[in-house]
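Overview (structure and organization)
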There are 2 protein chains.
Amino acid sequence: MRRGLEFKKKARIIIVDDNYEHLSGIKELIEIESDFDVVATATSASVAISLIKKYRPEIVLMDINMPEKDGLTAIAEIEKLDLGVRIIALTGYDDPDLIFRAMKIGAKGYILKTMASAQLIYAIDEVAAGKIYLPAALSSRFFEYFQKSFKEENQELSDEENLLNYLTQREEEVLDLLTQGITYKGVAQKLFISETTVKTHVNNIFQKLQVNDRTQAVLYALNNGFLNRRKVKIAI
Amino acid sequence: MRRGLEFKKKARIIIVDDNYEHLSGIKELIEIESDFDVVATATSASVAISLIKKYRPEIVLMDINMPEKDGLTAIAEIEKLDLGVRIIALTGYDDPDLIFRAMKIGAKGYILKTMASAQLIYAIDEVAAGKIYLPAALSSRFFEYFQKSFKEENQELSDEENLLNYLTQREEEVLDLLTQGITYKGVAQKLFISETTVKTHVNNIFQKLQVNDRTQAVLYALNNGFLNRRKVKIAI
DNA sequence: AAAGATTTAGACCATATGGTTTAGAAAAAG
DNA sequence: CTTTTTCTAAACCATATGGTCTAAATCTTT
């Protein structure tokens, strides 16, 4: 029966906005200009959450700037419930930090209230279809923020300044095991060398990293990109 | 002289692709269908880098899948030079991991070779204008990957499972200092308590976190969100 | 082939760390 | 106003860790 006639089920929507004017404006817009079904509206995050549990909508339009419980916390809570609700965040302005945090905690889309109504409908359409949608303008802001945070975090030290680059291969292996909380005895066993050899390596590592104990060496390693070819940190 | 006639300087481009067919195809396309100026081409990353240093183009189109030095490493190196070159990554398929890594290290755009030529021109246009451009389809892939990695990292432990939540205030203070690589003696001085008291706290911490040494305690703390209300990690 | 770096490993010693128990004072919870 | 928890601190001991020096075998580089 594939590729046959598909009766596309109307996506059910809940709209959340503390401003009643906005709320009803958006509601009308959706009811008039789209096929979606606004099953409920809420003017506070806490009410919204109970409504979501009750109606199990496909889509939630969530205003971020609300007093009391703010929209971001609400999104995080709803995502934690894991009901499969797809949340589109809504704000008045394109603060990249807000965009970043919303997307981070699981929003499937983000639109500005100032955007054309067609854009809102399109966004809902895309998100209802399982995609994640960010308008090009917001996407651009997001990525600038994203890259900036990476740059700051990663380029703390140049290659010459990063003392990790002076370690030999074997020293790296030893340090790697230390960053897993393994004792010297354990390291010796894993690397098939004697414990005294491990101690020699460790002492060399200390000198090269200019630290005086295991914990500091591990912290230096973690803070300066050791193993960061797989694991990536971003600071926000 | 603002808002006067602006002679928009043609953006200068260098194209990098190990496949010569592709390379000349793209070159012709750009020369015929756009205003951009292809100042050079390269079939390897290392050649590309010297050409970039020489010509200082505004835009670089960089193929990711190349033998020898791969495109991602090349992008990272070029970004490190900090010449203000804006790099657009180019691949045959939409691997979200590749997209994520490319954007992470600073690519200003990402397009597929299979995309329409108009799309390529548009991307260059946007990136040359200072924006970051990801076609909606790739952007969607990116965000799925992005959110998945956050979800995995953040929802490792529930509040009850996270042993850090069983620590007392004083124990948290001690652990905090340990995560800074401070010795027991140092902790004692900072908290104005005796060293034996520190040891008592530390032993209690070990029991609560189910570890047997300082390094493991520090690693547990760092891996399980101690101090993570400000810093956010994502694992890839 | 020679020089240098890396990896291995021992001796020796000092001290920091970890394990266990006991216990009083202070604070919080009931 | 008890009871419980937290914070403080000591004694005691075993062992892991760290500092320094020496040195041979192996691998790299010139």
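Starting afresh in each chain, residues are numbered from 1 along the sequence in its written order. By the order in which they are written, chains take letters starting at A while ligands take numbers starting at 1. Local features in a predicted model are, by the rule used here, given only for residues with pLDDT of at least 70; side-chain atom pairs are given and counted only at 80 or more, and totals for whole chains, interfaces and linings are based on all residues. Excluded from the side-chain calculation are hydrogens and water; included are all heavy atoms of the structure.

**Considering the packing of helix 2 (residues 45-55) of chain B against helix 3 (residues 71-81) of chain B**
Residue and element names in this part refer to chain B. Stated formally: The angle between two axes is taken between their N-to-C directions and runs from 0 to 180 degrees, where each axis is a line fitted to C-alpha atoms and a helix contributes only its stretch in contact. Each helix is a run of DSSP H or I of at least 4 residues and each strand a run of E of at least 2, with the numbering of both proceeding from the N terminus. Should an angle fall under 35 degrees it is taken as roughly parallel, and over 145 as roughly antiparallel, whereas 65 to 115 is taken as roughly perpendicular and any remaining angle as oblique. Two helices crossing with the near one rotated counterclockwise from the far one by less than a right angle form a left-handed crossing, whereas a clockwise rotation gives a right-handed crossing. Throughout, a residue-residue contact means that at least one pair of heavy atoms, one from each residue, lies within 4.5 Å. Put simply, Ala, Val, Leu, Ile, Met, Phe, Trp, Tyr, Cys and Pro go in the nonpolar bin, Asp, Glu, Lys and Arg in the charged bin, and everything else, Gly too, in the polar bin.
Contact geometry of helix 2 with helix 3 gives a least axis separation of 10 Å together with a crossing angle of 20°. When the interaxial angle is binned, helix 2 and helix 3 end up roughly parallel. The handedness of the crossing between helix 2 and helix 3 comes out as right-handed. For the pair helix 2 and helix 3, the contacting residues are A45, I49, I52 and K53 in the first and A74, E77, I78 and L81 in the second. Residue composition of the contact of helix 2 with helix 3, by class: six nonpolar, no polar and two charged.

**What about helix 4 (residues 96-104) of chain B?**
Note on helix geometry: an α-helix contains 3.6 residues per turn, so any two residues three or four positions apart are oriented the same way. Residues and elements named next belong to chain B. Here is the rule: Think of it in three bands: residues with accessible area under 20% of the maximum for their type are buried, residues over 50% are exposed, and the middle band is partly exposed, with areas taken using a 1.4 Å probe on protein chains only. Whenever a nitrogen or oxygen atom comes within 3.5 Å of another N or O atom, the pair is scored as a polar contact, on the condition that within protein one atom can donate a hydrogen and the other can accept it, and that pairs from neighbouring residues in sequence are kept only if both atoms are in side chains.
Counting buried residues in helix 4 gives eight out of nine residues, a clear majority hidden from the surface. Three or more residues of helix 4 are buried, namely P96, D97, L98, I99, F100, A102, M103 and K104. For helix 4, the N-terminal capping position is held by D95, with its side-chain oxygen 2.9 Å away from the main-chain nitrogen of D97. Just downstream of helix 4, G106 is the residue with a positive phi angle, here 120°.

**Comments concerning the protein's contact with DNA strand D**
Rules: Throughout, the term near means that a residue has one or more heavy atoms lying within 4 Å of the molecule or strand in question.
Close contacts around DNA strand D come from 18 residues, with Y184, K199 and R214 of chain A together with T168 and S194 of chain B the closest. Within 4 Å of the protein, the atoms of DNA strand D are drawn from sugar and phosphate moieties in a proportion of 72%. Note that a phosphate oxygen of DNA strand D is positioned 2.3 Å from one of the side-chain N or O atoms of T168 of chain B. R170 of chain B is positioned with one of its side-chain polar atoms (N or O) 2.7 Å from a phosphate oxygen of DNA strand D. Breaking the surface near DNA strand D down by element, the ones donating at least two residues are helix 8 (184-191) and helix 9 (195-209) of chain A together with helix 7 (169-178) and helix 9 (195-209) of chain B. When residues in the surface near DNA strand D are grouped by element, the largest group, four residues, is from helix 9 of chain B. Residue composition of the surface near DNA strand D, by class: three nonpolar, 10 polar and five charged.

**Observations regarding the packing of aromatic side chains**
Our working rule: What counts as a ring pair is set by centres within 6.5 Å for rings of Phe, Tyr and Trp (its six-membered ring), and what kind of pair is set by the plane angle: stacked under 30 degrees, edge-to-face over 60, tilted for all other angles.
Under the defined criterion, the tally for this structure stands at 21 aromatic pairs over all chains. A network of ring pairs unites the aromatic residues F100, F142, F143, Y145 and F146 of chain A together with F100, F142, F143, Y145 and F146 of chain B as a single cluster.

**Focus on the pairing of strand 4 (residues 86-91) of chain B**
The side chains of a regular strand alternate between both faces of the sheet. All names here are of chain B. The test is simple: Whether two strands pair depends on DSSP finding at least two bridges between them. The handedness of a crossover follows from its direction of travel: if, with the strands pointing away from the viewer, the path from the first strand over the helix to the second runs clockwise, the crossover is right-handed.
Here strand 4 lies mainly inside the structure; six of its six residues are buried. Burial along strand 4 is two-sided: R86, I88 and L90 and I87, A89 and T91, pointing in opposite directions, are all buried. Two elements, strand 4 and strand 5 (residues 109-112), share four bridges in a ladder whose sense is parallel. Paired with A89 across the two strands is Y110, which belongs to strand 5. Remark: the strand 4/helix 4/strand 5 crossover connection has right-handed handedness.

**Here we look at the sheet that holds strand 4 of chain B**
Residue and element names in this part refer to chain B. Strand order in the open sheet made by the five strands is 2-1-3-4-5, with parallel pairing throughout. Every interior strand has two partners, whereas the edge strands, strand 2 (37-42) and strand 5, have only one. Averaged over neighbouring strand pairs, the angle between their axes works out to 20° when direction is ignored. Direction of pairing for strand 1 (residues 12-16) relative to strand 2: parallel, over a ladder of five bridges. Looking across to strand 2, one finds that I15 is bridged to T41. Running over the sheet, helix 4 touches strand 4 and strand 5 and is turned about 150° from strand 5. Taken strand by strand, helix 5 (residues 117-128) contacts strand 1, strand 3 (59-63), strand 4 and strand 5, and its axis lies near 135° from that of strand 3.

**Remarks on the pattern of salt bridges**
Rules: One speaks of a salt bridge when a side-chain nitrogen belonging to Lys or Arg is within 4 Å of a carboxyl oxygen belonging to Asp or Glu.
Considering all chains together, one arrives at 24 salt bridges over all chains under this definition. The partner of R141 of chain A in a salt bridge is D94 of chain A, and the shortest N-O contact between them spans 2.6 Å. Here R141 of chain A is found in helix 6 (residues 136-154), whereas its partner D94 of chain A is found in the loop between strand 4 (86-91) and helix 4 (96-104), with 47 residues between them in sequence. Assessed through its relative accessible area of 28%, R141 of chain A is described here as partly exposed. With a relative accessible area of 28%, D94 of chain A lands in the partly exposed category. Between R12 of chain B and E58 of chain B there is a salt bridge, and its shortest N-O distance comes to 3.8 Å. Separated by 46 residues along the polypeptide, R12 of chain B in strand 1 and E58 of chain B in the loop between helix 2 and strand 3 bring together distant segments of the chain. Look at the salt bridges and you will find they share partners, linking D17, D63 and K113 of chain A into a network.

**Quick look at the protein's contact with DNA strand C**
For DNA strand C, the set of nearby residues contains 18 residues, the closest of which are T168, R170 and S194 of chain A together with Y184 and R214 of chain B. Take the atoms of DNA strand C that sit within 4 Å of the protein: sugar and phosphate atoms are 73% of them. One nitrogen or oxygen atom from the side chain of R170 of chain A is found 2.7 Å from a phosphate oxygen belonging to DNA strand C. At 2.7 Å, a backbone N or O of R214 of chain B approaches a phosphate oxygen of DNA strand C.

**Section: the side chain of E171 of chain A**
Within the secondary structure, E171 of chain A is located in helix 7 (residues 169-178). Excluding residues that lie within four positions of it along the chain, E171 of chain A makes contacts with Y166, H201, N204, I205 and K208 of chain A.

**Some points on the confidence of the model for chain A**
Residues and elements named next belong to chain A. Basically, it comes down to this: A residue's pLDDT is the predictor's confidence in that residue, given on a scale from 0 to 100.
Chain-level pLDDT for chain A is 86 on average; 87% of the residues reach the 70-or-more range. Scored below 50 in pLDDT, residues 1-6 shows zero contacts in the model against residues more than four places distant or in partner chains. This model gives residues 229-236 a pLDDT under 50, and the stretch forms 33 contacts once residues within four places in sequence are excluded.

**Remarks on the environment of E33 of chain A**
Residue and element names in this part refer to chain A. Residue position: E33 is located in helix 1 (residues 20-33). On the basis of relative accessibility, which here comes to 47%, the residue E33 falls in the partly exposed class. Each C-alpha atom, one on E33 and one on S117, is 8.7 Å from the other, the two residues being 84 residues apart in sequence. Contact partners of E33, with chain neighbours within four places excluded, come to S117 and I121.

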